[in-house]
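# Observations on chain architecture
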Amino acid sequence: MASRPAPPPHLRLLSPLLPPLCPPRRRRGRTRLLSALSSPSPSPSPSSRSQQRVSTASLDRGPSPSLEQQPLASEVARLSAARARLRAARSLDDKLRALDAEPRVAAFFSDASGGGFLGGIEPRETYLLKCLVAAGQDHVLGAELGWASDTHDHERHLNGGGGGGGSALREALYSLAGLVGKWSGEGVVEDVARSGETELLRQLLKFLGDIEEFYDCIGGIIGYQITALELISASKSKDSKYWHSQDKFIGFHVPTGVNLLEDTEYASQAALWGIEGLPELGEIYPIGGAGDRLGLVDSDTGESLPAALLPYCGRSLLEGLMRDLQAREFLHFKIFGKQCITPVAIMTSSVKNNHEHIVAICERLEWFGRGRENFRLFEQPLVPVVNAEDGDWLIGKSLLPVGKPGGHGAIWKLACDRGVFEWLYRHGRKGATVRQVSNVVAATDLTLMALAGIGMRHNKKLGFASCERRPGATEGVNVLIEKQNLDGLWAYGITCIEYTEFERYGISEPTATNGSLQASYPANTNIMYVDLQAVEEVGSRRNASCLPGMVMNLKKAISYVDHLGFECSAAGGRLECTMQNIADNFMNTYSYRCSKAIESELDTFIVYNERKKVTSSAKRKLKPEDRSLHQTPEGSLLDIMRNAHDLLSSCSIEVPKVKDNNEYLCSELPFLIFLHPALGPFWDIIKQKFVGGSISKGSELQIEVAEFVWKDVELDGSLIILADNIMGSTKRNTHGEQILHYGARCGRCKLQSVKIVNDGISWDSPSNVYWKHDVERSESLKIILHGNAEFEAKDVLLKGNYMFEVPDGHRMRIIQDGSGFAVKLDPISKEMMDSGSWYWEYMVDGAYVKLNLVLKFHSFAVASAEVYLRLQHGGHACLSPALGLPAYGAPECTTLYSSVNAPIKRARAASTPAKQRPGHQTKFIRVSPPPGHRHACSSLEMAAAAIGAYGADLPAVPEWLNKGDNAWQLTAATFVGIQSMPGLVVLYGSIVKKKWAVNSAFMALYAYASSLLVWVLVGFRMAFGERLLPFWGKAGVALSQGYLTGRARLSATAHGGEGGTPAAEPFYPEATLVLFQFEFAAITLILLAGSVLGRMNIKAWMAFTPLWLLLSYTVGAFSLWGGGFLYHWGVIDYSGGYVIHLSSGIAGFTAAYWVGPRLKSDRERFSPNNILLMIAGGGLLWMGWAGFNGGAPYAANITASIAVLNTNVSAATSLLTWTCLDVIFFGKPSVIGAVQGMMTGLVCITPGAGLVQTWAAVIMGMCAGSVPWFTMMILHKKSTLLMKVDDTLAVFHTHAVAGLLGGVLTGLLATPELMAMESPVPGSKGTFYGGGIGQVGKQLAGAAFVIAWNLVVTTLILFGIGLFIPLRMPDDQLMIGDDAAHGEEAYALWGDGEKFDATRHDVSRGGAGGEREMGTAEQRLAGMGARGVTIQL
């Protein structure tokens, strides 16, 4: 007799407390519950408008349940009633009371002793256990897990036996409750040493908690069971099309859409839309599946691994996804010149440590050079597997039910619950592309980007990428669904039907196809575009619609290990949601039935392409008995080879044809070709890099570099090109993460008229695994490019086994030399380190991308560092390192170098393993010294010595520093500084009344000095640093050497809509940028001071300057220049029309209001004390504006020249216009008016100096000389507010009005070409050039934000200061001026050189019986003879 099996682990913990259990009893009546349901066939449908369609009518009048179905209907009704009571409960206590009212719960949890057996467990955990029992799954807690002394009991269990556990079960649960209570409260279980078994209790409660939380929209655990039973009932029904519906009519049609294979021009245009919109796109990857079907396990631990880690074509599938994405980002950079890092949301799974494995590979690969902040991983919980026979949850090992992921459709609700959509919004994303990790061809050519481009361009909510469907394939179909509801309204939309649901919906499996992409229902590929707001709205719903397409696949047997350790198999399934059926929520409704071609009007759409370009999956392991390669890695590899054949054949390259899959079940491939997607990824781009030549049968080609040229290359053997910097180089960010910067220091390779002959792959080797690209080679030509290395070969035969390894910063050239070839190695000149000696220039030409090969003059820094190596054909050769003279007879080529720097880092670990066929040896070839050298040492040694000697004399400057740009930027900063000091210091000191000359000049001087300290301490990084808010940067110091000596980085280009703009880096250090931007901050405060001259308390001003700089100026600067929301929205402020002039004008006007007016005598008589000096100060201001606008491009370039010219033209025009108006209306020209006109012309051109043509600068100058003149001379006198506010130097008119005017005119007159270099929004242009009113609207909206912010913040700052310091000087000090404020005077004139002394200048007169005073201080001093000329506004 067999020994008694051990009890389940959760009861094993309690075994000392339990009596012997009885053999399980069979449940009565259960078979009747799950008997088949019968129903009549639906009535015929109306006539179809398409041959391929299915319809069902009068579905709301479904059949009544049969007698056999009534027990099941009763069970569903019971559960539904329980769910309704739980939903009505308002608290956890109410829910527990509602559950206790359930007879099943009451019976199960009744305590024979009358005590509270669940007293030690948390209420939430009690609730979960009672929900489990209420759902009819009490067997999970042991009711049907009986064990006996012989194997017959176990057989009865497998055959469905069950029964009540009676009092023994209740006693077990009482003990279980106490045990959980101790564990919950104390963290340990007394007298229990088996911590692993205690962990099972945690897992059970977590499992139940996950189900309750995730399925809360349908009623949690109980709702899950209701839905499962309903689906089981439908599957058992005799009528396969039995399902509940409230529609009169449902029909299915073959959807029409754009055929990318036929409409090539539109396809290319749509793909360009997608690349252009990449900054607004996210990526969503559901990669939670385990690799069981692939046999993917950890070789060390035997643990099952997720499918995303499958090694495929030399890298994991997850790495392949990232590589495809980076290729699209690289293309965006090449076309638009802007860096773009797409945020990636990844849904993992709880099954078999899937989540931990995915996180581990991301961390190991340093988040793929994208930064941790650009990834969001969220974990999908497991759901219970339900037995198809009785509706019970299957029980696996230990305490837990058998759990599996709940389908990819869980992604939408889970993304809402985990905040993924909010995270994508913070990155500035509006849409997303969705693809699965196992589909290895989804990013081929332009399908994915055309899908996204159409979706974004036409504001669609969801789109499918589809293709022809293989008959019999386990894949769903896309259909156009047509419905009529009970109200008579018609609804249309494109959606998906899973293959498991074909029978349910009456869709027959096609047996043949005529070859057309749309001959029958097209395949669902799980490649989608989604609008984020649309899918978030669905995912956030609190009903079943947030779990789209709920199905239960009961066609496959479930294999599992039961609680007794037996291998079991049962018909069952779990509740699954289908990701693509979220489209069911996006149907368009009409009051009439629509005709054909309705698809173009719908919110959903579909595009078609060849199947091999759209879907080919690596989902299952090929078995010896298989007669099909479908969904195997071998089969998908063949599709990749077919695509390579089609692509290269169109480039006039002879390539062997790939036959049908069946030909390769037992034979080798015709070739292996792996091309990095960054070569395109669009085929039209790749075709311009490959021209002519041939690839022989049995050859291998791997190209891992984007900057590549192939012209008339003949390949017979293996050619492998590997680059460290395929698309760019990495740099560490502030978090220490390596971030890929596209286009910087790329590796490059050119092959022209080259013939390559070697033995290549050993095709007869049994160890070859081609889909892993793990092969044995007899010979190969391998080129390894480190850093920005370049390799060129032209008109040469390379025969034999070679490896050329080119070091960073060098260019290797191979040329024919007699019967052999010569190798020449040169250092790349410093000015070409980033861009290289050549590169591909991408330009948009209509709907296509055209490439131009740009060659740059190569000036060698060290002529003597050229290296010559002459090699003869006929043997296998390697290039040895410059570590002494090479030796002959080396056994084989293992370390291969051609380098002047030692040591060189090895090729990347991810590169293809180099297997050397035994018996093939290579010889080292002696290196000849270069011509002209007398010493018999290797040329490599001499080259290294030459470079070392030269390097000692190199100046201590980084290679990226451009001295011209740096010199100009420092000069421009100095020019702007001269505008402030002495420019405005002189202007202010001379334009005011003599008694305010010192005070006015000092206010400007103090503002300049105080701003600098605040700027380097916190201000610069608040305006140009990392983003804290959409309108504000994070505070930080700009004082450390490491920060200031690093390369400058334009922060506006680093926050690309949260990712969509280029991370541009000028060719000078950060210190230069800090200084340049400081000058703008300082002059803004000084301009603001012009509004409050002649009365503001100097102490209040000293407090005001740092606060306003930090709280107001930095906000405007960040919003418009530092990468804030206005910049990325497309508001243009070329050089400060809004940030400086509008801000200072509005803030000054606000400050003037709160500080109060000058003395009445000063307002009436405030003549300049020195007009000549005023003109001199104005001249400094004008000339300094060359740096103001000329430095805005951050380089000494053409735009700077245009900006400086436009600045002077506008200023001159405005001055003349203002003067003419003065003459016309006042009869004589005013010198002060001329200075004012000059000022308004300079201010008006500032927002668009580098964006408009010079004729437009004339127009802007005329407007600047007239509009502010009108507001100052006419409107001012008619406005009560303007007359009330004492704006001393009319800053509101000269700066606020002129700055706003300039911003609006820029929106009208900006040219598309110049806007393309300035605006982060592609296609921006002025209204005059066909841009409509959109840009003007943006300019007005941006101005509104700047005005509102400055008005509010300036008010708050002054209010706060006024609590401690009076804002205005007392009247008696105002009468005196400089002497009272500073104890100093500007200069002495006759009679004015003495300081005021009350004892000497007695203002009282004696009289009879006392003294007589002269009224107010103002009256007293007026009697002393004030002089001056009144300026009338």
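Up top is the structure.
Counting from 1, residues in each chain are numbered in the order their sequence is written. Restriction of local features to residues with pLDDT of at least 70 applies here, the model being predicted, together with a cutoff of 80 or more for giving and counting side-chain atom pairs; totals for whole chains, interfaces and linings are based on all residues. Hydrogen atoms and water are omitted, and side-chain values are computed over all heavy atoms in the structure.

### Some points on helix α26 (residues 1070–1089)
Working note: α-helix, 3.6 residues per turn, so residues spaced by three or four point in the same direction. In DSSP terms, a helix is any run of H or I states spanning at least four residues, a strand is any run of E spanning at least two, and both are numbered starting from the N terminus. An expected span of 1.5 Å times one less than the residue number is assigned to each helix. For α26, which comprises 20 residues, the first-to-last C-alpha distance of 29 Å matches the rise-based estimate of 28 Å (1.5 Å per residue) to within 8%. Only protein chains enter the accessibility calculation, which uses a 1.4 Å probe; a residue is then buried when its area is under 20% of its type maximum, exposed when over 50%, and partly exposed in between. For α26, the buried fraction is high: 18 of the 20 residues fall into the buried class.

### Notes on the sheet that holds strand β23 (residues 700–704)
Two modes of strand pairing occur in sheets, parallel and antiparallel, and in both the strands are linked by backbone hydrogen bonds. One open sheet holds the five strands; their spatial order is β21-β23-β25-β30-β32, and the pairing between them is parallel. Strands with a single pairing partner mark the edges of an open sheet, and in this sheet they are β21 (672–675) and β32 (802–806). Taken over all neighbouring pairs, the strand axes of this sheet differ in orientation by 10° on average, direction set aside. Two strands pair under a simple rule: DSSP has to find at least two bridges between them. As judged from the five bridges shared by β23 and strand β25 (residues 718–723), these two strands associate in the parallel manner. By the bridge assignment, Gln 702 is partnered in β25 with Ile 720. To obtain an axis, a line is fitted to C-alpha atoms, over the contacting stretch when the element is a helix, and the angle between two such axes runs from 0 to 180 degrees between their N-to-C directions.

### Regarding the packing of aromatic side chains
Centre-to-centre distance and the angle between the planes together describe a pair of aromatic rings. Only rings of Phe, Tyr and Trp enter the pairing, Trp through its six-membered ring, and a pair is recorded when the two centres are within 6.5 Å. The plane angle decides the type: under 30 degrees is stacked, over 60 is edge-to-face, the rest tilted. This model, assessed by the stated rule, comprises 42 aromatic pairs. Taking 5.4 Å as the distance between ring centres and 75° as the angle between the ring planes, the aromatic pair formed by Tyr 802 and Phe 821 counts as edge-to-face. Remark: Phe 821 occurs in strand β34 (residues 820–827) and Tyr 802 occurs in strand β32; sequence separation between them is 19 residues. Measuring from centroid to centroid gives 4.9 Å for Phe 1076 and Phe 1080, while their planes differ by 70°, and the two rings are edge-to-face. Of this pair, Phe 1076 and Phe 1080 both sit in helix α26, four residues apart, roughly one helical turn. Here the two residues Phe 1076 and Phe 1080 agree in accessibility, since each one is buried. By the ring-pair criterion, three or more aromatic residues cluster together here, those being Phe 1076, Phe 1080, Trp 1121, Trp 1185, Phe 1188 and Tyr 1194. Above the ring of Trp 683, the side-chain terminus of Lys 613 is found at 3.9 Å from the ring centroid. For a ring to carry a charge above it, either NZ of a lysine or CZ of an arginine must fall within 6 Å of the ring centroid while also lying within 35 degrees of the normal to the ring plane. Above the ring of Tyr 1043, the side-chain terminus of Arg 1021 is found at 4.3 Å from the ring centroid.

### Details of the side chain of Lys 750
Looking at the element boundaries, Lys 750 is found in strand β28 (residues 748–757). No salt bridge is formed by the buried Lys 750; its nearest oppositely charged neighbour, Glu 792, is found at 4.1 Å. Residue contacts follow a heavy-atom distance rule, with two residues in contact if any of their heavy atoms lie within 4.5 Å. Leaving out residues up to four positions away in the same chain, Lys 750 has contacts with Val 709, Phe 791, Glu 792, Ala 793, Trp 838 and Leu 855. The convention is simple: Lys and Arg are positive, Asp and Glu are negative, and His and the chain ends are not counted. Between Lys or Arg on one side and Asp or Glu on the other, a salt bridge is scored when a side-chain nitrogen of the former is within 4 Å of a carboxyl oxygen of the latter.

### Things to note about the pattern of salt bridges
Tallied over the full model, the rule gives 44 salt bridges. A salt bridge links Lys 130 to Asp 100, with the nearest nitrogen and oxygen atoms 2.6 Å apart. Of this pair, Lys 130 sits in helix α6 (residues 123–134) while Asp 100 sits in helix α4 (residues 92–100), placing them 30 residues apart in sequence. Residue Asp 100 is classed as partly exposed on the basis of its relative accessible area, which comes to 37%. Between Asp 1162 and Lys 995 there is a salt bridge, and its shortest N-O distance comes to 3.4 Å. Taken as a pair, Asp 1162 in helix α30 (residues 1160–1164) and Lys 995 in the loop between α23 (963–991) and α24 (997–1024) lie far apart in primary sequence, 167 residues in all. Lys 995 shares its class with Asp 1162; the two are buried. The network of salt bridges with shared partners includes Glu 75, Arg 78, Arg 85 and Glu 102.

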